[in-house]
Every structure is written in C-alpha cells, then in structure tokens.
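Residue-level structure breakdown
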Amino acid sequence: MGHEASIFRTERKLGLAFTLPIFILIFLLMGFPFAYTIYLSLTNKTVGMPATFVGLANYISIFTDPTYWRIVGNTVIYTVICIVVKLVLGMLFALLLNEKFHGRAITRVAMLLPWAIPGMVAANTWKWMYNDQYGIINEILRDLHLISTPIPWLGSMNLALFSVIIVNIWRGVPFFLFSILGALQSIDDQLYDAGKIDGANVFQRFFNITLPSIMPVVAISTLLSTIWTFNDFDNIWLITGGGPLNASSVIATYTYEQAFMYNDMARGMAVAVSVVPVLLILMVLVMKHRSTNE
Amino acid sequence: MNKAFKVLVCALMLALCMGGIFASGSAEQDKLIIWDKSEYVGAYNELARARFEEFCAANGVEGEYVIVPPNDLRQRLYAAIEGGNPPDIVVTDDFMAKQFAGMGQLADVSDIKTSLPFIQAGLNVSFCEDGEYIVPIAMLAPGLYLRADKWAEAGLDYPTTWEELREDARIINDPENDFYALGYPMGTSGGGDAEGMCRAVILAFGGVPVDVEGNVTVNSPETLAALEFIASLYEEGLCPPSAITWDDMGNNTAYLAGSVGVIQNSGSLYSQLRTDNPELFENTIILPFMAGPAGSFAPTGSNCFIIFENGGSVDMAKKYVTEFFDMDFYKNLVIQMGGMWQPVIEGADDDPFWEDPENSGWLANSLGGVPNTYPAPVNDATNRAFSEQVCVRAVQKIVLQGMDPQQALNELEADFNRILGK
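Residues numbered from 1 in each chain as written. Chains lettered and ligands numbered in written order. Predicted model: local features only at pLDDT ≥ 70, side-chain atom pairs only at ≥ 80, totals over all residues. Heavy atoms only, no water.

Some remarks on the overall build of chain B
Definition in use: By definition, any uninterrupted DSSP run of H or I lasting at least four residues is a helix, any uninterrupted run of E lasting at least two residues is a strand, and each is numbered from the N terminus. C-alpha atoms define the radius of gyration, and 2.2 Å times the number of residues to the power 0.38 defines the globule rule. Three labels apply to residues, based on accessible area from a 1.4 Å probe with only protein chains included: buried if under 20% of the type maximum, exposed if over 50%, partly exposed otherwise in between. In what follows, a contact means two residues having at least one pair of non-hydrogen atoms within 4.5 Å. Computed with a 1.4 Å probe, the accessible areas rest on the Shrake-Rupley method; for each residue, only the protein chains presented here act as cover. When charges are counted, Lys and Arg are positive and Asp and Glu negative, with His and the chain ends excluded. Note on charges: their place is set at NZ of Lys, CZ of Arg, CG of Asp or CD of Glu.
The helix and strand tally for chain B stands at 19 helices and 12 strands. Its C-alpha radius of gyration of 24 Å places chain B within 12% of the 22 Å reference for a compact globule of 422 residues. Oriented by its inertia axes, the alpha-carbon framework of chain B measures out at about 95 × 50 × 45 Å. Counting across all 422 residues of chain B, residues that qualify as buried make up 57%. In chain B, the proportion of contacts linking residues at least 24 apart, taken out of those at least 6 apart, comes to 73%. By element, 52% of the accessible surface of chain B is carried by carbon and sulfur atoms, the whole surface being about 16,100 Å². Of note, chain B has its 24 positive side-chain charges centred 9 Å away from the centre of its 60 negative side-chain charges.

So this is what it looks like as structure tokens:
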C-alpha cells in the first residue's frame, strides 16, 4: 500500500513536470495577454506612449457615457435576435432536410454554403447587395413596385443594425442546421414507431421524442453561437463600420473604434473587459454542460 | 538521478517553448521595410515597387515592399508601434503622418528636406509644429467635377458659390431616374474627402474651427450656417440617401456610374475617366472650389514619407527617400499618375505634360490650396481632429438623428476641446 502510494506520488510529480511547460505556454499565450488587457484598462495608455495607472477612471468614464449603454443595447439586440432566429430557422431546415426527398444531397450542400464562404467575401457581397443605388435588393423591390425611392439599408439609423442582423442570420443558420441535423439522425426510429403505435401525432412526437433527444446539441450549439455572435466583429465592421453614428455598433466594433480609430487604447480595453463577466457566465455554462454530458 | 532527469526534461521543454516565442520577435531586423499606400492609379505601386527593389539590390539590403490600403494603415501602424516593430518607411497622407509626429516615433528628416529643392507648397503641406518628420512626395490638389452636359440641358451657367450650387442642384436633381445632382460622401470611414468638404464650406461661410493660436472658435453663427447648409444637401435629397455614410470611394463609384452630377475629388478620377469612359470625360468640367461669403477655400493634402526611428534602418531609409527624388524617375512617376499628383520638387513640372491646359489646372490648384487644418497650428492634435472627422459627425447628427444644428455645433465644439486638450 505504501509502495503504491509512493509510485502514485512519483508519477503525479512526473506528470506535473511534463505538463508544466504547457501550462506556462498557455499562460504566456492566453493568460498574459488577458491580464495585460485588464492592466491596460486601468491606465491612460495610448499608442507610442507609456501607460500611467489611473485606477477605475476608464470604467467610470464608459459607464457614465450614454453611447456605451447604447452599444451594450445594440449588442444585446443583435445577439438575442440573431440567436433566436438562427435557432428557429436552423431547427426548421434540419427537420426538413432530415426527410427524404429528391435533391436532398444538393440542398444540404447548398445550405452549407453561407457558412463556408469566407467572411470577407460574404460581407462585401452583402454590402454591394444593400447598396441603395445599384444593389439588387432595392432593384427587386422597385421591380415589384414596392418602393419608389431607394432604401438606404446601411445609411439609416433604423435599418443599419437590422441589415447586419440579417447577414449574421444568413451566415449562422447552417451551423445550427447541421448540428441539429446530426442529432436528428442519431435518434432511433423505433422511438417514433412506438410513438405512432401509442397514437402520438406529429407535434406530440416532436415535443416528446425529437426535442428531448436533440436538446443537448441545441443547448451547446446555442451557447457557442451566443459567444460567437456576442463577439462578432468582421460582419459588422466590413458592412457598416458600426455606423452610422454607432447605430449598428456592438461591443467588439466599439472597442476597435476606441482603441484604433481614436488611439484611446485604455478606454478600448475597458470597454472590452467590461463585458468579460457576461462571457465568463456563458463559458461556464458551456463547460458545465460538457462535463454533465461526459 | 531520477530527479535530475526530470529537472532536465522540464528545463529543455521550457527552453524550447521560450526560444520559439522570443526567436520570432527578432528575425527581421536587417530588412528595409516600406509600407506603401495602395493607390487608385495601379501604375504607381508597380513603379514604386520596382524602384524600391532596384534600390535594395544596388545597396545590398533585403527589402520588403508592402501595400497597405489607406483605411487600414493607422490600425496596422498602431499594432506595429506597440509591438516595437514598425516599418522603416511609410507612405501616407500628410494629415495621418502628422498624428505620428507627436508620438516621438519618427526620425528627423530635416537633412533630407534641406538637401532637396522642395517647392514652398510642398514645404508648407509637410510642416508640422512637432518637428521636421515629414517628406512630401506629391500634392493632391482637389477639384470640383461637374457634369457639363446636365448643366447644358438645364440651360444653367456654372455655379461659383455654394448657394448657387445648391440652387442648380435643385433643378438638376432627378432621383426618380436614379440621378442625384450632388455626390458628396459624408461617412466616417477615416478618409479625408468628407471632412475636407465640411472644412471647405465652413471656411467659405466665414467659420473658423480652430484659430491661428490654437483656440477652438468653431461655435459661431457662421459655422452654424455652414453646418445647416451641408445638412440641407442631404435632407433635401440632393445627394443619394446612402451618401451620408459613403467612404472616399463612394463618390468615385457614383460619378463613374453616371448617377451623380457633382463631386469633389483629386485628379485620380480624372485620369481614370479619360481612359475608361471617354464620353463621360468629355461631359465633365473641372471647376474651382465653390465660394462663400468669406471666399473660396480648397483644403489640399499631400502624400508623404515618414521614417520610423525604431524601424532599425534609419540611414538606409533616408538614403532611399533621398534617391526616390531622382529627377528622371520622379518626373515620370508623377506624370504616370495622370494629373492626380502634382510635383513638389522644383523643376519636376518642366515637361510638356504640365503644359496641357487640363493638367496645368491641377498644377495651379496644388499651389493655391490651404492645409486641411487651416488656419489652426499644424500639429498632431489639430490633425487628429481632422482625422476623427468631427465636422462630419456633426453633420451626420443633424441629418440622421434630427439633432438641432446648434446642439450639434455645441457637441462639435466639445469634440474639438476634447481632442485639443482644452
């Protein structure tokens, strides 16, 4: 017994010794930048100048700035609408593509395309489509006699956020679709047969068999997509630049704007760090969900 | 032995990790690196790259020629400066360069400026209170492009004042047929066209954003009238609806597509029209900037070199910049730009190209403009205010948020005070 404990202790030490460099590497690559970001948010750092500690001044500044709260509001609206619509559409398309019909394989490939196209290409394509004078969207609406003058999709305070939400949904639906489709295909058909024998209708089968079976996948997909959507940058930056007048700006683009357009690194870092608690909660939920599944 | 072995393994792995990390940061110290602007005229980057590579080969140095889109330059430079690894030479707009002058990052170039015969306009446009850090490459004179055929159809004389331009625009405007009289971009993408237009109107109306002593004097009835005038161009639908968010390419694209009647631009578009759309070229006339009660002002910028002190090859960079102005190469390069650039070296305009009436017009414009921040002192703060497009934001607030013009002006004043540290 004593000998076994000794071997265990030795192996544990050896294991620690071997994994220590990786821990150090992870800290250097991930922990250090994160800690440095928090430090910078407590300074008056601008590019090319040394940082001086200013305490919570940057946080007080952003929390008392109405623009910041507007950006937070935009971020919440953007994230919630995108996630809800992507989930619903992803689920509907997954159920559809789980059925057998002619051209199913081609349809599946076509549905994957928005996710496979590089973000830069997709954003610029949509930007062109949204163009008020030459864009295809206004062209179609005009041909259908639904509008007489062009709609400034990206130049209106009321439409800019809505326009980038559509693009995010378009790009994000395939992720939900294929995650849920994979889960649907793993459901045993005998469950449906038993349901039918017991007289369950389509809706009862969906709510009592399908939904509980795919719920773990739906939950993890939703959590992951929420984190990605919350942090979305390129989609918005490339299409509207967060404008006009921050109408479509979210935390990620506002951080970039403060740090790199206005050279106020410290304030930009404070904006970024201010939402870390929200992201931490989401990440804890993901990890908890994973460990529960395991 | 066992313990010693474990320590050795750990030390080895750590050394590998740390070595890998730190080795990557010190690999390219001996290279001469230039970040050049991606230019509207493609021939520029080809000629500049060839020149740079030829220089590097002749001087036995390894060179790296990188083309950076103007809208990305600031962000990339910030990252490079913070990373302690800026390029040796950067080609950029003077208002961007002047922002770096106050950072203590740039090498003094007074030796280059005294050794070469720069014209006074070139010296003026590259002057900065913070020091001699900027070498002008070429003037970028703006002009007002106007569709002469549309004015002829309407039987109108060409306008000379901003008020006349608006009156004419109301007649020319035809949005039902996708034609808008005016194509002024008013987005905040970071380019200089929109802010330049706002400053031109404010000055013409008698407003002074920042006076010669550096006092913020923007909040005046004259500036208010100017902001209301600019906003009216969008509120009355004289510009395309999305023009309020266009970047500096928006007006070029719209004019080339034939969907707007007037734009304000450098000679870049003119040279493109000549080759790509001769019909539109024939129907285009270049006019001086419109005047207001206080006169006509054309904020004029330039392309310039800056050399980074921490780039690692300051002497070689200075040698390259000096040799760049070899008369044969430089004269040809400026001419290849087709009127978009105007020379800053004495004698470089001694060519039949500049005797052509169209090109001589651009040359004359380049000598008569005012700095972007006129009449304010030229320093990093006043140029930062220009670069942050504070006047553009004021116009956007009036047009997009329906803000009271006086309130927008009050906020504009606050923006100037914030940036200038008042």
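Still to come is the rest of the account.
A few points about the pattern of salt bridges
Between side chains of opposite charge, pairing is possible as soon as their charged atoms come close. Applicable threshold: Just to be clear on terms, a salt bridge is a Lys or Arg side-chain nitrogen sitting within 4 Å of an Asp or Glu carboxyl oxygen.
Here the structure, examined in full by the defined rule, presents 18 salt bridges over all chains. A salt bridge links Asp65(A) to Arg267(A), with the nearest nitrogen and oxygen atoms 2.6 Å apart. With Asp65(A) in the loop between helix H2 (57-63) and helix H3 (66-97) and Arg267(A) in helix H12 (residues 265-274), this residue pair connects regions lying 202 residues apart in the sequence. An identical accessibility class is assigned to Asp65(A) and Arg267(A); each is buried. A salt bridge links Asp93(B) to Lys37(B), with the nearest nitrogen and oxygen atoms 3.0 Å apart. Of the two residues, Asp93(B) sits in strand S3 (residues 89-93) while Lys37(B) sits in strand S1 (residues 32-37), which places them 56 residues apart along the sequence. Among the ionic contacts, a cluster of salt bridges with common partners joins Arg384(B), Glu388(B), Asp415(B) and Arg418(B).

Points about the nonpolar core
All names here are of chain B. Let me state the cut-off plainly: Among buried residues, those of type Ala, Val, Leu, Ile, Met, Phe, Trp, Tyr and Cys that are joined through side-chain atoms within 4.5 Å constitute a nonpolar core.
Counting residues in each nonpolar core, the largest one holds 74 residues, and the members touching the most others are Trp162, Leu182, Tyr184, Met186 and Phe416. Element by element, the count of residues in this core is highest for helix H10 (residues 221-235), at eight residues. In this structure, Met186 is in contact with Ala194, Met197, Cys198, Ile230, Tyr234, Ala243, Ile244, Thr245, Trp246, Val392, Val395 and Gln396, ignoring residues within four places of it in sequence. By size, the runner-up hydrophobic cluster in this structure holds 46 residues, among which are Phe55, Ala138, Ile335 and Met340.

Quick notes on the interface of chain B and chain A
The condition that has to hold: Computed with a 1.4 Å rolling probe, the buried area is the accessible surface lost when two parts are put together, summed over both parts. By the criterion applied in these results, polar contacts are pairs of N or O atoms within 3.5 Å in which, for protein atoms, one can donate a hydrogen and the other can accept it, and in which residues neighboring in sequence qualify only through two side-chain atoms. For this classification, Asp, Glu, Lys and Arg are treated as charged, while Ala, Val, Leu, Ile, Met, Phe, Trp, Tyr, Cys and Pro are nonpolar and the rest, including Gly, are polar.
Contacts between the two partners involve 40 residues from chain B, matched on the other side by 33 residues from chain A. Between chain B and chain A, roughly 3,300 Å² of surface is buried when both sides are summed, and carbon and sulfur atoms account for 62% of that area. If you look at where chain B meets chain A, you find two salt bridges. Across the pair Glu82(B) and Lys45(A) runs a salt bridge whose closest N-O atoms are separated by 3.0 Å. Here chain B is connected to chain A by nine residue pairs in polar contact (both at pLDDT 80 or more). Broken down by element, the residue count for the side of chain B that touches chain A peaks at nine residues, all from helix H1 (residues 2-23) of chain B. Each residue belonging to the side of chain B that touches chain A can be placed in one class, and the counts come to 20 nonpolar, 11 polar and nine charged.

Side note on the packing of H3(A) against helix H9 (residues 202-230) of chain A
Residues and elements named next belong to chain A. We apply this condition: Note on method: axes are straight lines fitted to C-alpha atoms, helices fitted across the in-contact stretch only, with angles between N-to-C directions ranging 0 to 180 degrees. Two helices cross in a left-handed way if the nearer one is turned anticlockwise from the farther one by less than a right angle. They cross in a right-handed way if the turn is clockwise.
Running from N to C, H3 and H9 point in directions that differ by 145 degrees, and their axes come no closer than 10 Å. Handedness of the crossing formed by H3 with H9: right-handed. Contact with H3, carried on its side by Thr75, Tyr78, Thr79, Cys82, Ile83, Lys86, Leu87, Met91 and Leu95, involves Phe206, Thr210, Leu211, Ile214, Val218, Thr222, Ser225, Thr226, Thr229 and Phe230 of H9 and no other residues of that element. Residues that form the contact of H3 with H9 fall into these classes: 11 nonpolar, seven polar and one charged.

Things to note about the sheet that holds strand S6 (residues 180-182) of chain B
All names here are of chain B. Applicable threshold: One bridge is not enough; two strands pair if DSSP finds at least two bridges between them.
In space, the four strands of this open sheet follow the order S6-S7-S5-S8, with mixed pairing throughout. The strands lining the two open edges of the sheet, one partner per strand, are S6 and strand S8 (284-287). Strand-to-strand twist of the sheet, defined as the mean angle between neighbouring strand axes without regard to direction, takes the value 30 degrees. In this structure, strand S5 (residues 142-147) lies alongside strand S7 (residues 260-266), joined through five bridges in antiparallel fashion. Along S7, the bridge assignment pairs Leu144 with Gln264.

Re the pairing of strand S4 (residues 135-140) of chain B
All names here are of chain B. Where burial is concerned, most of S4 is hidden: six out of the six residues are buried. As paired elements, S4 and strand S11 (residues 301-307) share five bridges and run antiparallel to each other. Within S11, the residue paired with Ala138 across the bridge is Asn303. In this sheet, strand S12 (residues 342-343) lies alongside S4 in antiparallel orientation, the contact comprising two bridges.

Quick word on the sheet that holds strand S2 (residues 63-68) of chain B
All names here are of chain B. Taken in spatial order, the six strands line up as S2-S1-S3-S11-S4-S12 in an open sheet, and their pairing is mixed. In the strand order of this sheet, the two ends are held by S2 and S12, each with one partner. Here five bridges tie S3 to S11, and the two strands are oriented antiparallel to one another. Each bridged residue has a counterpart across the sheet, and for Val90 the counterpart in S11 is Ile306. Taken strand by strand, helix H3 (residues 70-82) contacts S1, S2 and S3, and its axis lies near 150 degrees from that of S1.

Re the layout of surface pockets
Our working definition: Within this scheme a cavity is a closed region of a 1 Å grid, computed over the protein atoms alone, that accommodates a 1.4 Å probe without allowing it to escape, whereas a pocket is open but has protein on both sides within 12 Å along at least five of seven lines; lining residues each have an atom within 4 Å of a point. Grid points are joined across faces, edges and corners, and a volume is the space filled by probe spheres set on the points.
Space inside the second largest pocket adds up to approximately 800 Å³. Every residue lining the second largest pocket is counted, 26 residues in all, and those nearest its centre are Asp65(A), Thr67(A), Tyr262(A), Asp415(B) and Arg418(B). For the lining of the second largest pocket, the elements supplying multiple residues, two or more each, are H2, H3 and helix H11 (251-261) of chain A together with helix H18 (390-400) and helix H19 (405-420) of chain B. Top element by residues in the lining of the second largest pocket is H19(B). It accounts for five residues. Taken together, the residues of the lining of the second largest pocket break down into eight nonpolar, six polar and 12 charged.

Focus on the side chain of Thr210(A)
All names here are of chain A. Looking at the secondary structure, you find Thr210 in helix H9. Here Tyr192 takes part through its side chain, which lies 2.6 Å from a polar atom of the side chain of Thr210. Those residues in contact with Thr210, other than ones at most four positions away along the chain, are Leu95, Leu184, Ile187, Tyr192 and Arg205.

Section: the domain arrangement of chain B
Residues and elements named next belong to chain B. Heads up, the condition is: Start and end positions for the domains come from either an automated domain assignment or a database one.
According to the domain assignment, chain B contains domain 1 (30-140 + 301-368) and domain 2 (142-299 + 388-420). Each of domain 1 and domain 2 has a C-alpha centre, and these two points are 28 Å apart. Listed per partner, the contact involves 15 residues of domain 1 and 22 residues of domain 2. Interface of domain 1 and domain 2: buried area, both sides summed, is about 1,300 Å²; carbon and sulfur atoms make up 53% of it. When the buried area of domain 1 at its contact with domain 2 is split by residue, Tyr40, Glu358 and Trp362 rank highest and sum to 46% of it. Viewed at the interface, domain 2 and domain 1 are joined by one residue pair in polar contact (both at pLDDT 80 or more). Counting only elements with at least two residues in the side of domain 1 that touches domain 2, the list comes to H3 and helix H16 (357-368). Sorting elements by how many residues they give to the side of domain 1 that touches domain 2 places H16 first, with four residues. Partitioning the side of domain 1 that touches domain 2 into residue classes produces seven nonpolar, six polar and two charged.

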